[in-house]
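Here's the letter readout for the chains.
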Amino acid sequence: MDCSYVFVDLGVPNLTILFALIQLYYESFDEPFEGRWIVSKKEDYEGLWKHSKSDGHEDYGLLVSEKARKYAIVKELDEPIILKDETVILQFEVRLQNGIECGGAYLKYLRPQKAGWTAREFDNESPYTIMFGPDKCGITDKVHFIFLHKNPKTGKFVEHHLKYAPTIPNDKLSHVYTAILKPDNELRILIDGEEKRKANLLSLDYFEPAFIPPKTIPDPDDKKPEDWDERTKIPDPDAVKPDDWDEDAPEEIEDEEAVKPEGWLDDEPEEIDDPGAIKPKDWDDEEDGEWEAIKIDNPKCEAVPGCGEWKRPMKRNPAYKGKWHAPLIDNPNYKGIWKPREIDNPDYFELDKPDFEPIIAIGIEILTMQDGILFDNILITRDEKVAESYRAKTWKPKYEVEKEKEKAEDAAAGFSDMLSGFQKKVFDMLYTIADIPFLEAYKNKIIDAIEMGEKQPNLTIGILVSIVVVIVTVISRVLFGGEKHKAPAAPINETEIAGAAETEVPESNKEKKENDKEDESAPRPRRSRRET
């Protein structure tokens, strides 16, 4: 591509941005991917890719639609992307809509393949130059960044893994992953535009193994001398076991001072045959063996210190010393830990900058236990401002909407938990009130009301108000009405409860109350506490 102005469609209505930059590749997935991205035809890759909207948005992406499947899909680039002498930025979005417990969501940037290779043959054996993106399973929880680099001495490709890779965000929101490769061998990893890791490709501290091998290596043919002594301490050869050291003394002995407790039943066994056990009628002694009743604890032993033969308890033997060992002293012949001598590394080479293979395709090849993984806005560019603009226009608006929704859901869940705890305390209190003696005549009705509230929590306040009214009414009658006998069952019913809480009751609940009224004539068992 040339360096002329490029108009980049950001997928935002009526909005294009002019970049005086080189754009190497961009995929928005606004249109169906079929025909541009090729699904692998290898037999192991049965996962179904879908062109699907991100949950809660009108924005489309490439969706992992099934659980516990292997997936492989690839997009061949029109021109190879060279990773030499210029900045290259790799960026893409991933949303784990159902979370992730075990699975990958990374991209592979493929190097030139063997002659005759086709995109439909793409699999885990297809060689890549860079693997980048989130992966989580078991103890693995990281944003991978792996280079495959050709050793100029041996001609073999070696995987170089970024050490201390950042962990993946633990949520179900859209996130954007960015890798910035500089011509001065600097690598920066960004998540949502924030730098999480910075490394130098040629430093020994950032990749495993390092790109530049060590100058020397341990001599594989060097052997430790037979007389090499690595022991820091040795038994004192002049030490002598004391004459009074008894190695045969037992660790425990009987407590001679112990006395059998009074009331101990020596002649009673601890267990006896179950007197209620009966031999089954179909028991055949010849086939099943002699029948024996099951054993039970001897009831005579329950009220006494014990039964059966009494034995003195054991105690620690004060004369016990165990096996004697000579004390340790510094080893006069200690030579240290032996290591083979170092020799020149035959595979050593010097490197000004890695010689990476060009990128000819972008592939997604993963095994995942989760569905709902959505890939979007895959970008390769040479300028950080382009990547930043895409993050601002394609990722950030979605993320902010999702974040606000998440906050609202968390707040609602917290309120719901608080309300649920409040309602439980209210109902426990009401069951206690129902047991008050002077409310005996109203007990059944109160319990009916409580049970209705437990089934329909939105009636809680109305039920509480109704029962308070009953209590106040009864107290008023006692104080001012002069009645000393039990009042007849007051007509507390569901209609009154609904009246006290009519603003809380939906239509469906009103219908249920009508059905409950029809069932009142049928006798029902009553309770004074919640049954569990």
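For the structure itself, look to the data block above.
This is a predicted model, so every value here is computed, not measured. (Residues numbered from 1 in each chain as written. Predicted model: local features only at pLDDT ≥ 70, side-chain atom pairs only at ≥ 80, totals over all residues. Heavy atoms only, no water.)

> How would you summarise the side chain of Gln 370 if you had to cite specific residues and measurements?
Within the secondary structure, Gln 370 sits in the loop between β26 (359-368) and β27 (373-381). At 2.9 Å, the side chain of Gln 370 forms a polar contact with the backbone nitrogen of Glu 101. Ignoring anything within four residues of it in the chain, the contact list for Gln 370 reads Val 64, Glu 66, Lys 67, Gly 99, Ile 100, Glu 101 and Cys 102. (Helix = DSSP H or I, 4+ residues; strand = E, 2+ residues; numbered from the N terminus. Polar contact = N/O pair within 3.5 Å; in protein donor to acceptor, adjacent residues only side chain to side chain. Contact = heavy atoms within 4.5 Å.)

> Can you lay out the side chain of Asn 331 for me, pointing to particular residues and giving the numbers?
Of note, Asn 331 is situated in the loop between β24 (328-330) and β25 (342-344). For Asn 331, the residues in contact, after removing those within four places along its chain, are Asp 229, Arg 231, Thr 232, Lys 233 and Ile 234.

> Describe the packing of aromatic side chains, and please don't skip the residues or the numbers.
Taken as a whole, this structure holds 14 aromatic pairs when the rule is applied. Measuring from centroid to centroid gives 6.4 Å for Trp 49 and Phe 375, while their planes differ by 55°, and the two rings are tilted. Of the two residues, Trp 49 sits in strand β5 (residues 49-53) while Phe 375 sits in strand β27, which places them 326 residues apart along the sequence. Under the relative-accessibility criterion, Trp 49 is labelled buried at 6%. According to the relative accessible area criterion, Phe 375 is buried, its value standing at 0%. Look at Phe 145 and Phe 147: their rings are 4.9 Å apart centre to centre, the planes differ by 80°, and that puts the pair in the edge-to-face class. In this pair, the class of Phe 145 matches that of Phe 147, namely buried. Taken together, the ring pairs in this structure connect Phe 92, Phe 132, Phe 145, Phe 147, Tyr 177, Phe 207, Phe 211 and Phe 356 into an aromatic cluster. Just above the ring of Tyr 45 sits the side chain of Lys 70; from NZ or CZ to the centre is 4.9 Å. The positively charged end of Arg 111 is found above the aromatic ring belonging to Phe 157, 3.6 Å away from the centroid. (Phe/Tyr/Trp six-rings, centres within 6.5 Å; stacked < 30°, edge-to-face > 60°. Buried < 20%, exposed > 50% of the residue type's maximum accessible area, 1.4 Å probe, protein only. Lys NZ or Arg CZ within 6 Å of the ring centre and 35° of its normal.)

> Help me get a handle on the environment of Asp 238, residues and values and all.
Looking at the element boundaries, Asp 238 is found in the loop between β19 (233-235) and β20 (252-254). Accessibility expressed as a relative area gives 67% for Asp 238, which makes it exposed. For the pair Asp 238 and Pro 327, spaced 89 residues apart in sequence, the C-alpha separation works out to 9.7 Å.

> Residue-level account of the state of the cysteines, with values.
For the structure on display, the rule yields two disulfides. Each sulfur in the disulfide pair Cys 102 and Cys 137 lies 1.8 Å from the other. Measuring the twist about the S-S bond at about -75°, one finds the Cys 102-Cys 137 disulfide to be left-handed. Residue Cys 102 is found in strand β9 (residues 102-104), and its partner Cys 137 is found in strand β11 (residues 128-137); the two are separated by 35 residues along the sequence. The class for Cys 137 is partly exposed, based on a relative accessible area of 32%. Taken in N- to C-terminal order, the disulfide-linked cysteines of the protein chain are connected 1-2, 3-4. (Disulfide = S-S within 2.5 Å.)

> A description of the nonpolar core should follow, citing residues and the corresponding values.
Of all hydrophobic cores here, the largest spans 67 residues; its most connected members are Tyr 109, Phe 132, Phe 145 and Phe 375. Beyond its immediate stretch of four places on either side in the chain, Tyr 109 contacts Leu 90, Gln 91, Phe 92, Tyr 128, Thr 129, Ile 130, Phe 132, Ile 359, Ala 361, Ile 362 and Ile 380. Ranked by size, the runner-up nonpolar core spans 15 residues in total, among them Leu 430, Ile 433, Ala 434 and Ile 446. (Core = buried A, V, L, I, M, F, W, Y, C linked by side-chain atoms within 4.5 Å.)

> Now, about the pairing of β5: what can you tell me, with residues and values included?
Pairing of β5 with strand β6 (residues 60-64), which is carried by five bridges, proceeds in the antiparallel orientation. The residue bridging His 51 from the neighbouring strand is Leu 62, located in β6. Connecting the antiparallel pair β5 and β6 is a turn made up of six residues, with Gly 56 showing a positive phi of about 90°. (Pairing = 2+ DSSP bridges.)

> Explain a negative patch on the surface to me, and be specific about the residues and the numbers.
There is a patch of like negative charges on the surface, built from Asp 282, Asp 284, Glu 286, Glu 287 and Asp 288. Tracing the backbone shows Asp 288 in helix α1 (residues 285-288). By relative accessible area, which is 41% here, Asp 288 ends up partly exposed. (Patch = residues over 30% accessible without salt bridge, like charges linked within 9 Å, V, L, I, M, F, W, Y side chains within 5 Å. Areas by Shrake-Rupley, 256 points an atom, 1.4 Å probe, with all protein chains shown as cover. Salt bridge = Lys/Arg side-chain N within 4 Å of Asp/Glu carboxyl O. Lys, Arg positive; Asp, Glu negative; His and termini not counted. Charge placed at Lys NZ, Arg CZ, Asp CG, Glu CD.)

> So what's going on with unusual backbone geometry? Which residues, and what values?
With an omega of -5°, the peptide bond running from Glu 208 to Pro 209 counts as cis. Note on placement: Pro 209 falls in the loop between β17 (207-208) and β18 (216-218). For Ala 68, which is not a glycine, the phi torsion comes out positive at approximately 50°. Following the sequence through the fold, Ala 68 ends up in the loop between β6 and β7 (69-81).

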